[in-house]
Amino acid sequence: MALSLRHVRRVLFGVGAVALTFVVVVSGIVTWVYASADISTVGTTDFGRTLNIPPLATSTVEPDGTRAFDLQMQSGTTEFNSGTQAPTSGFNGSYLGPTLRAERGEKVRVRVRNNLTESSSVHWHGMHLPARMDGGPHQMIEPGATWTPEWTVAQPASTLWYHPHPHGATEDHVRRGLAGLFLVDDAAASSLPLPRDYGVDDIPLIVQDVRLRDGRIDETHGAFRDVGFLGDQLLVNGTLAPHLDVGDELVRLRLLNASTARVHNFHFADDKPFAFIATDGGLLPQPETMTALRLSPGERAEIVVRMLPGERAVLRDSDVDLGTNFWTTRFSGGDDRFDVMELRAAAQLRPSPELPTHLVAPSTPDGSDVATERHFSLTFGKINNAEMAMDRVDATVVRGTTEKWIVRNDDGTPHNFHVHDVQFRVIDYAGAPPPAELRGAKDTIYLPPNTTVTLVMRFDGPSDPNTPYMYHCHLLWHEDLGMMGQFVVVEPGQSAGTPTGHHHAN
């Protein structure tokens, strides 16, 4: 009996030792993964490359007065690092696309030809336009086919963008480089003394994170990356660590977060103040002086910075407040730090007019005439506990009405929320009035875990009961997993139809 007990004790001791060893090893691996998960390029960047400026797209005015553009979706190679060509995709080139520009009230037509080997689409992010022209997953373009949407630009001056929106593959298509800007101008904005010489004192900045491995763009997400893909370098207009030579006292920067999952917090290395003048949907009522600006994927902002003769100002991305715990912050990129680009001022600068103290009147409803209130719960891969279904209409909106949407992030992962076709006003953010960066017209908003926002928006049509618009998380892996819903706009008394799935262009 004694021998038996000793044997049992030895076995138990051995099992305990193995278990303890396993726990120690696993703990060590987790500790190593956590310790090595943050990234920093701060202070190690030479800014040796000149910033690429996307060209303005050429256009023709057709006999009926329509401004026509041509876009070719194509594959190619791009040299991000000297001597190495990476396979990429772009519009009218190997990476990114030209900047489209049109006036409010102008009719535009875009001939989009898909020269890729797979189906895709082109969504006009932030644009108010008919659902059939929206470019979501219902307007797929087959390889070799051309899709020609046309619409009348009917919104204030703003910085919008275009990118693919194929259901289940958006993250991949955008990460490969399929994106570009669409600038809207109007008389109110043009009358203001703002920097407006494109590529000179009015600079587009398309910011994306990337990971380059063995001559290609690495697509792996990495351990514990529940937000999706996070890269270890930043591209600005497709340029790694660029500099921009500045010749004017005031420089306008049009910032677009075109990363697929990373939340950026832009600020200057010396906390240099800047004037925040525009959100997703256009100019603010007045400039706001700020030193940092957080943008989640899909969000845009316009800032104006004052330069001194001979000054070098480094734009950085760091100290991102994600509203998450230490673990989620680390594996969602919140501890990462990047030198984004450098502004290099000439020894003598051209004088710029003072910024106006007033810009434009608000363009979004104030919530005083809300007809309908809706609630949206965001959880990983789902909205209101449902994954996206192409043939299901989740909400039916009556044209000409204002709605209040109450959106809550109900899990521990960061999300954001984008609504097609409309710009909304944020009237409450986490139980308080919105901060300065959320007081203008918006179409995309960041939601930390367990945060609720209240949005109001007006749906001016046109109506189309059979063709839906989308709302979704714009962390693109989440969108691809099914974190997306659909709404249609109908006339009073009309019912929603039944979407038939993908509509392929010919």
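Presented here is a report on the structure given in the accompanying data block. (Residues numbered from 1 in each chain as written. Predicted model: local features only at pLDDT ≥ 70, side-chain atom pairs only at ≥ 80, totals over all residues. Heavy atoms only, no water.)

As for the packing of aromatic side chains
Enumeration over the complete set of coordinates arrives at 23 aromatic pairs. Ring geometry for F459 versus F487: centroids 5.5 Å apart, planes at 75 degrees, classification edge-to-face. Pair noted here: F459 is in strand β33 (residues 452-459) and F487 is in strand β35 (residues 484-490), with a separation of 28 residues, a long-range link. Assigned by exposure class, F459 and F487 land together as buried. Ring pairs connect the aromatic residues F376, W405, F417, F459, Y469, Y471 and F487, which therefore count as one cluster. R175 extends its terminal NZ or CZ atom over the ring of F229, reaching a point 5.1 Å from the ring centre. (Phe/Tyr/Trp six-rings, centres within 6.5 Å; stacked < 30°, edge-to-face > 60°. Helix = DSSP H or I, 4+ residues; strand = E, 2+ residues; numbered from the N terminus. Buried < 20%, exposed > 50% of the residue type's maximum accessible area, 1.4 Å probe, protein only. Lys NZ or Arg CZ within 6 Å of the ring centre and 35° of its normal.)

Some words on unusual backbone geometry
Cis geometry is adopted by the peptide bond preceding P462, which originates at G461 and carries an omega value of 5 degrees. Phi is positive for N92, which is not a glycine, with a value near 60 degrees. Checked against the element boundaries, N92 lands in the loop between β4 (86-91) and β5 (100-103). Its identity is not glycine, yet N237 carries a phi of approximately 55 degrees, on the positive side. Considering the arrangement of structural elements, one finds N237 in the loop between β15 (233-236) and β16 (239-240). For N237, a relative accessible area of 2% gives the class buried.

Some remarks on the sheet that holds strand β31 (residues 424-429)
Across the sheet, five strands lie side by side as β27-β26-β29-β33-β31; this open sheet has mixed pairing. Each end of this open sheet is capped by a strand with a single partner; those strands are β27 (382-383) and β31. Relative to β27, strand β26 (residues 370-379) is paired through two bridges, and the arrangement is antiparallel. Its bridge partner lying in β27, L378 is registered against I383. (Pairing = 2+ DSSP bridges.)

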